Amino acid sequence: MIEYEDLSRVNSPYKQKFSEAFSRFLDKGWFVLGEEVKLFEEEFASYCGSKYCIGLASGLDALYLSLLALDLPEGSEILVPSNTYIATILSIVNAGLKPVLVEPDLGTYNIDAKGVKEKVSPSTKAIMLVHLYGKPCKMDELINIAKEYNLHIIEDCAQAHGAKYRGKTVGTWGIFGAYSFYPTKNLGALGDAGAIITDDPLMAEKLRALRNYGSQVKYKNDYVGINSRLDELQAAFLRIKLCDVDKINEHKRNLASIYKQELNSDYVIIPKEQENTYEVFHIFNIRTEKRDELKQYLFGKGIKTEIHYPIPPNHQQGYKDKLQGSYPLSEEIHRTTLSLPISLIHTGDEIKMIAQTINRFFEGDL
Ligand SMILES: *Cc1c(COP(=O)(O)O)cnc(C)c1O
């Protein structure tokens, strides 16, 4: 069986280093927001080419606290792609703001700049864009629109660690870059973790307070914050894995190029290469009207796949009253997309075999 992902195998090469880090951590007896967090923040900021990094408990909190830090007026509208993972939209709802869905570009799956322009209103205060699947958004266009309408840009980089647009790392284009280190992400912890990067010193200071009950000086609360502190242990693990994130990304890029070479584009829609981007393929998705049959067929051949995502946000029961309108492009993606295995554990030969199996499905080997 070819697994879609196997986190035990992904992490096993680090066993020795993780054990050493755990021993140090236990001996030290400092468990939350300590030296490891501080060092990880410095190292991750430097990796991204950003001035500050604030370690947090999750990617959702990174998005949510980005919005809180901006202190936007009640009823502010935040533009967000209609095909994103639910966390992006949830952060806006939790912040008491209004998510306004913008359809993606079907070629890139990222928020469409034209759509952004159409949905801007006097209440719009920010674009929360998502570098979905590890594909960087076309930032030039979006930055121009943001300038024209005086909007903040918050970048959801949860699927795009190390991805670049015009040589500049995602998360450094807008005021905030929000990262998740959930175990499956390209840089994954052994539990929940997240971070915000920013170049703004005042915002960085505010975020350090917001993550810790609005407090920077013990028992003095300058803001109404939350508890979203990063654990020392996760920071220690992340520091070890950060050294390899480029290697992981390169491996995924190699596998992606094998898929692109081997898959027959008469049968399935293959992700397009974009100019001036360094993609990191958190997800490698193809699209086909026969998605469900293909998924079943592959499973029968011992190949596991996933769907990111099966239900569009505007069809989610919990969001019925919050997300109005119809989003045909997003719905089409959700109906036809299939994510193929593309992990550190997969070899080029396996990817070739998967691609050939997909081609055979369309050639009628049922
Ligand atoms: C994973 C993910 C998040 C949320 O991160 P958590 O760490 O799970 O809270 C947000 N946005 C996107 C696009 C994601 O893939």
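Report follows, based on the coordinates. (Residues numbered from 1 in each chain as written. Predicted model: local features only at pLDDT ≥ 70, side-chain atom pairs only at ≥ 80, totals over all residues. Heavy atoms only, no water.)

## Here's the deal with the sheet that holds strand E7 (residues 168-169)
Consideration 1: What the three strands build is an open sheet, ordered E7-E6-E10; its pairing is antiparallel. Each of the sheet's edge strands pairs with one partner strand only, and the pair in question is E7 and strand E10 (277-278).
Consideration 2: In this sheet, E10 lies alongside strand E6 (residues 164-165) in antiparallel orientation, the contact comprising two bridges. If you follow Tyr165 over to E10, its bridge partner there is Thr277. (Pairing = 2+ DSSP bridges. Helix = DSSP H or I, 4+ residues; strand = E, 2+ residues; numbered from the N terminus.)

## Structural notes on the packing of helix H10 (residues 245-262) against helix H13 (residues 348-362)
Consideration 1: Where H10 contacts H13, the axes come no closer than 9 Å and their chain directions differ by 30°. Accordingly, the angle class assigned to the pair H10 and H13 is roughly parallel. As H10 runs across H13, the sense of the crossing is right-handed. Contacts from Leu255, Ile258, Tyr259 and Glu262 of H10 reach H13 at Gly348, Ile351, Lys352, Ile354, Ala355, Gln356 and Asn359.
Consideration 2: When grouped by side-chain class, the residues that make up the contact of H10 with H13 number six nonpolar, three polar and two charged. (Axes fitted to C-alpha atoms, helices over the stretch in contact; angles between N-to-C directions. Parallel < 35°, antiparallel > 145°, perpendicular 65-115°, else oblique. Left-handed = near helix turned anticlockwise from the far one by under 90°. Contact = heavy atoms within 4.5 Å. Nonpolar A, V, L, I, M, F, W, Y, C, P; charged D, E, K, R; others polar.)

## Points about the site of the ligand
Consideration 1: In the vicinity of the ligand, 13 residues are found, and the nearest of them are Gly59, Leu60, Asp156, Ser180 and Lys185.
Consideration 2: Between Gln159 and the ligand, the recorded distance is 2.9 Å, taken from a side-chain N or O atom to an oxygen atom.
Consideration 3: Between the ligand and the protein, one listed contact pairs an oxygen atom with a side-chain N or O atom of Lys185 at 2.6 Å.
Consideration 4: When the free accessible area of the ligand is taken as 380 Å², the share hidden by the protein chains comes to 91%.
Consideration 5: Mapped onto the shell around the ligand, the elements with two or more residues apiece are helix H4 (59-70) and helix H5 (86-94).
Consideration 6: It is H4 that contributes the most residues to the shell around the ligand, three residues altogether.
Consideration 7: A class-by-class count of the residues in the shell around the ligand yields six nonpolar, five polar and two charged. (Near = heavy atom within 4 Å. Polar contact = N/O pair within 3.5 Å; in protein donor to acceptor, adjacent residues only side chain to side chain. Areas by Shrake-Rupley, 256 points an atom, 1.4 Å probe, with all protein chains shown as cover.)

## Topic: the packing of aromatic side chains
Consideration 1: Within the structure shown, the criterion is met by 17 aromatic pairs.
Consideration 2: Centroid distance Phe44 to Phe181: 5.2 Å. Interplanar angle 90°. Geometry classified as edge-to-face. A residue pair is termed long-range when its members are at least 10 positions apart, and Phe44 in helix H3 (residues 35-48) and Phe181 in the loop between strand E8 (176-180) and strand E9 (194-198) qualify at 137 residues.
Consideration 3: The exposure class assigned to Phe44 is buried, which follows from its relative accessible area of 0%.
Consideration 4: Taking the relative accessible area as the measure of exposure, Phe181 reaches 0% and is therefore buried.
Consideration 5: A connected cluster of aromatic rings, assembled from ring pairs, spans Phe40, Phe44, Tyr47, Tyr179 and Phe181. (Phe/Tyr/Trp six-rings, centres within 6.5 Å; stacked < 30°, edge-to-face > 60°. Buried < 20%, exposed > 50% of the residue type's maximum accessible area, 1.4 Å probe, protein only.)

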